[in-house]
Each structure stands twice: as C-alpha cells, then as structure tokens.
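# Structure assessment
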Amino acid sequence: MSQKILSLVEQGSLKAEKPKFAIGDTVDVHCRILEGDKERIQIFSGTVIARSGSGSREMFTVRRIVQGEGVERKFPVHSPRIAKIVVKRSGVVRRAKLYYLRQRTGKSTKLRERRMESETK
Amino acid sequence: MAVGLLGRKVGMTQIFGPTGEVIPVTVLEAGPCHVLQVKTLERDGYEAVQLGYLNKPRRLAGRSARGHVAKLDSKRQRRLTAAGVEVLAKAGCEPKRWIREFRGPADGLEVGQEIKVAVFTEVPAVDVIGISKGRGTAGVMKRHNYRGQRASHGVKKVHRHPGTIGRNTDPARVEKGRRMAGRYGHERVTQRNLRVVQVDQENNLLVVRGAVPGPNGGLVVIRKTNKLG
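These lines cover the structure that appears in this document, whether it is placed above or below. Here the residue index of a chain counts from 1 through its sequence in written order. For this description, chains carry letters from A and ligands carry numbers from 1, given in the order in which they are written. Reporting of local features is limited, given that this is a predicted model, to residues whose pLDDT is at least 70; pairs of side-chain atoms are given and counted only at 80 or more, and all residues count toward the totals for whole chains, interfaces and linings. Hydrogens and water molecules were not included; the side-chain quantities draw on all heavy atoms of the structure.

Our focus in this paragraph is the overall build of chain B. If you tally the helices and strands in chain B, you get four helices and 12 strands. Taking 2.2 N^0.38 as the reference for a compact globule, 229 residues should give roughly 17 Å; the C-alpha atoms of chain B span a radius of gyration of 24 Å, well beyond that estimate. Viewed in the frame of its principal axes, chain B has a C-alpha envelope of about 80 × 55 × 40 Å. A buried classification covers 37% of the 229 residues belonging to chain B. For chain B, the share of sequence-separated contacts (at least 6 apart) that also reach a separation of at least 24 residues comes to 70%. Computed by Shrake-Rupley with a 1.4 Å probe, the accessible areas treat only the displayed protein chains as cover when residues are assessed. Carbon and sulfur atoms make up 48% of the accessible area of chain B, which amounts to about 14100 Å² in all. Under the scheme used here, helices are H or I runs from DSSP no shorter than 4 residues and strands are E runs no shorter than 2 residues, and both carry numbers assigned from the N terminus. Only C-alpha atoms enter the radius of gyration, while the globule expectation follows 2.2 Å times N to the 0.38, with N the number of residues. In this scheme, a residue with accessible area under 20% of its type's maximum is buried, one over 50% is exposed, and one in between is partly exposed, where area comes from a 1.4 Å probe on protein chains only. The contact rule is simple, with two residues in contact once any of their heavy atoms fall within 4.5 Å.

As structure tokens, this is what we get:
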C-alpha cells in the first residue's frame, strides 16, 4: 500500500519515456549545465557499470578512464538535467554490476566483448 | 492558530525540483479528520479542537468511544434529557483510532466537520510531530554522540565506553545529569519548519521536504509551523 502511494508521488518526477540502455553499454550522457541564465550541454561518455534503485530514485553509474585515472559518475535516470543518453556500443556482460572493471587497467578494460550486429537485430 | 491535521508517515522518496535538483521528501497521508469536540473557555477552561483520524472497528471501540462520536440512546441519557440537560454536539461518525487535541480557538470549526489536506494549500511550511523509532538500550556513543575510545594504543574492550564519569575523592559521587547509556528513542519529537512541497487533495497526501520522526506507518501530528520568518 505505501509503495503504491509513494509511486503516486514519484509519478510527476518520472520521464515520459525511460531512457533505454543496458549494463555494459558505452553511452554518451548529455548533461544540461546551467551557467547563470545560459544553458549548455556537456557530454560524459563511458561504460555503464551499475544501475540501482527504482522509480524516481533510479540511478546509474558511468565509468571512464581520464588520463589514466578511473572516473565514475552517478546520475539519476529520470533527472531533467540529463538531456539524453545515447548508446554508442553495447557490450556482452554476464553480471548486473561491473565493479570488476575497477581492478582492471589498460587493454583489459577497453577490450570487452562487443555484441554482434546480428544479435541485436 | 490554524488547526492542523493527523496523519500517517508513508515513507521517503525523492522528486525533482523546477531546476532539476533532487528534493528529498517525506510523503504523509494527512487526514481526512473529523472534528469530534470543540473545547471552550466557559465549559472546559481552555480552547481547543479535538480531531479524530482513521476509523476504529466497532468491535474494538468501547461504549465510551462510540458514545463520544454518536448519540447513544442509553437509559442514563434518556434520564438526563428528561431532566433538561442538553446533549453535547456529536460528530456522528465512526469511532476513531487516533484522537488528538489542537490548542487554540476553533476559528469557526464545528463538531462533525471534516478537515482535509486542503487546509495546507496556502501554508509554506509545517511542523510534524511524531514518536521517534525506539532504539532500546543504547550505548553512550549512539545515545549522546560520545566519541568512544581509541581502537588501539592499549585500549582494551572499552572502545565504545564513555571514559570517566567524574572525579575522585573530592565530590566522591557522580554529579546529577551525567549522560550514560540507557533507553533511547520512542519519544515525542517535533520536527519544525518543513517546507510543503506538494499537496495532493485527491489522495489526501502531503509531501514535505526532509525527514519526519518515527517509522513508516507511524502516527504524525501536522500543524502550520510556529517558527517565525
């Protein structure tokens, strides 16, 4: 019952269409940045390594390597500050959380199995 | 003094504000409440409005609880009426599970009237009163935010202890008010000045910014904040 009521309140904060992407995808996250009264779009691209929560609280984590340093950013899926999420590549993964990527460096992070074209269609 | 409402804490979630920022909110189910009694200076010595929230099953309601909300045709009542005693106004509703009083003049409220969340539409902020979660017997670190002791350097089995509780022979006692371990939680807590984010009249919901004392499902008393400015 209480879950029903909570989802009622969250309804107004959800996006009409939930962005489609999966764990292991390489994505471009287009973030809206407000500078004074001007708005500009900043792109954060990387691999989706985790997704958590539900409803308006759903978050996803994107990991990328910047100058040899691992950088992770966590975004709310339904945030109005995210203009769009573009899937660049899909990876074949066998688990929901790709935390094992944190232990990897260099090629072993980059070279991950890519989904075959025929499989997507 | 505007009258408040009784309600239940539903739980916490987050919603997005106008500029896309995340607002942590608590959802409260507020009312509808019935006015069960209006206390006046002449009759009761003080002014207050008594509200009831949620129906109680009739089998659980005692005769007095039933008689409080509706006229009971008892022998005693008949005798009193015959003697010319006026029957007090009754709400004429089901017996209520929760009954609380709000001090202050009635402001035109009458017995039997139903109050809904709509009363908070123009209110910028509210106070929410609840019973905090009970924590049982709690140590000094949890209960009074003591720092405890070091993890090493010779500290033995007293890592979460308070340390000294006084001096030696001079007072030869522990002074009054020394904070120690004991029962913690399950007490009345007032959380003041919570911003009203949303009022859902259709579903009797009040959404406020921030946390509210008590477990989900716990009774809360909501009133217009008494904090100034």
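Next up on the list: the side chain of Gln-50 of chain B. Residue and element names in this part refer to chain B. With respect to the secondary-structure elements, Gln-50 resides in strand 4 (residues 48–55). For Gln-50, a relative accessible area of 9% translates into the label buried. Polar side-chain contacts of Gln-50 include one of 2.6 Å to the side chain of His-68. The contact partners of Gln-50, leaving out residues within four places of it in the chain, are His-34, Val-35, Leu-36, Gln-37, His-68, Ile-99, Arg-100 and Glu-101. Any pair of nitrogen or oxygen atoms within 3.5 Å is treated as a polar contact; in protein, a donor-acceptor pairing is required on top of that, and neighbouring residues in sequence qualify only through side-chain atoms on both sides.

Facing the 16 residues of chain B at the interface are 14 residues of chain A. Of the roughly 1300 Å² buried at the junction of chain B and chain A (both faces included), carbon and sulfur atoms supply 68%. Here, a salt bridge means any side-chain nitrogen of Lys or Arg that lies within 4 Å of a carboxyl oxygen of Asp or Glu. Applying the counting criterion to the chain B and chain A interface returns zero salt bridges. Seen at the junction of chain B and chain A, the total is five residue pairs in polar contact (both at pLDDT 80 or more). Contributing elements (two or more residues each) for the side of chain B that touches chain A: strand 1 (5–16), strand 2 (22–30) and strand 11 (205–209) of chain B. Broken down by element, the side of chain B that touches chain A gets its largest block of residues, seven residues, from strand 1 of chain B. Residues are grouped as follows: Ala, Val, Leu, Ile, Met, Phe, Trp, Tyr, Cys and Pro are nonpolar; Asp, Glu, Lys and Arg are charged; every other residue, Gly included, is polar. Class assignment of the residues belonging to the side of chain B that touches chain A gives a composition of seven nonpolar, seven polar and two charged. Accessible area that two parts lose when put together, evaluated with a 1.4 Å probe and summed over both, is termed the buried area.

Now for helix 1 (residues 2–10) of chain A. If you check which residues of helix 1 of chain A are buried, you get Ile-5, Leu-6, Val-9 and Glu-10 of chain A. Projected onto a plane normal to the axis of helix 1 of chain A, the buried residues spread over an arc of 140 degrees and lie on a single side. Looking at the packing, one finds that the buried side of helix 1 of chain A touches strand 1, strand 2, strand 10 (188–200) and strand 11 of chain B. It is the directions from the helix axis to the C-beta atoms whose arc is reported.

Now for the nonpolar core. Residue and element names in this part refer to chain B. Joining through side-chain atoms within 4.5 Å is the link that ties buried Ala, Val, Leu, Ile, Met, Phe, Trp, Tyr and Cys residues into a set, and such a set is a nonpolar core. In terms of nonpolar packing, the biggest core is built from 30 residues, with Leu-6, Leu-28, Leu-51, Val-126, Val-128, Leu-206 and Ile-222 touching the most fellow members. Elements with a contribution of two residues or more to this core: strand 1, strand 2, strand 3 (33–39), strand 4, strand 7 (125–131), strand 10, strand 11 and strand 12 (219–224). In terms of residue count, strand 12 provides more of this core than any other element does, four residues in total. The split of the chain into domains comes from an automatic or database domain assignment. Both domains that furnish three or more residues to this core are identified here as domain 1 (1–30 + 122–130 + 189–229) and domain 2 (33–115).

In this section: the sheet that holds strand 4 (residues 69–76) of chain A. All names here are of chain A. DSSP bridges decide pairing: two strands pair if at least two such bridges lie between them. Taken in spatial order, the five strands line up as 4-3-2-1-5 in an open sheet, and their pairing is antiparallel. The open sheet has two edge strands with one neighbour each: strand 4 and strand 5 (82–89). Averaged over neighbouring strand pairs, the angle between their axes works out to 40 degrees when direction is ignored. Pairing analysis gives six bridges linking strand 1 (residues 26–35) to strand 5, with the strands arranged antiparallel. What sits directly across from Val-29, in strand 5, is Ile-85. The angle between two axes is taken between their N-to-C directions and runs from 0 to 180 degrees, where each axis is a line fitted to C-alpha atoms and a helix contributes only its stretch in contact.

Moving on: the pairing of strand 2 (residues 38–52) of chain A. Residue and element names in this part refer to chain A. Bridging between strand 1 and strand 2 involves 10 bridges; their strand directions are antiparallel. Counterpart to Val-27 in the pairing with strand 2 is Gly-46. Connecting strand 1 to the antiparallel partner strand 2 that follows it, the hairpin turn spans two residues, and Gly-36 within it adopts a positive phi of roughly 65 degrees. Where strand 2 lies against strand 3 (residues 59–66), five bridges are found, and the strand directions are antiparallel.

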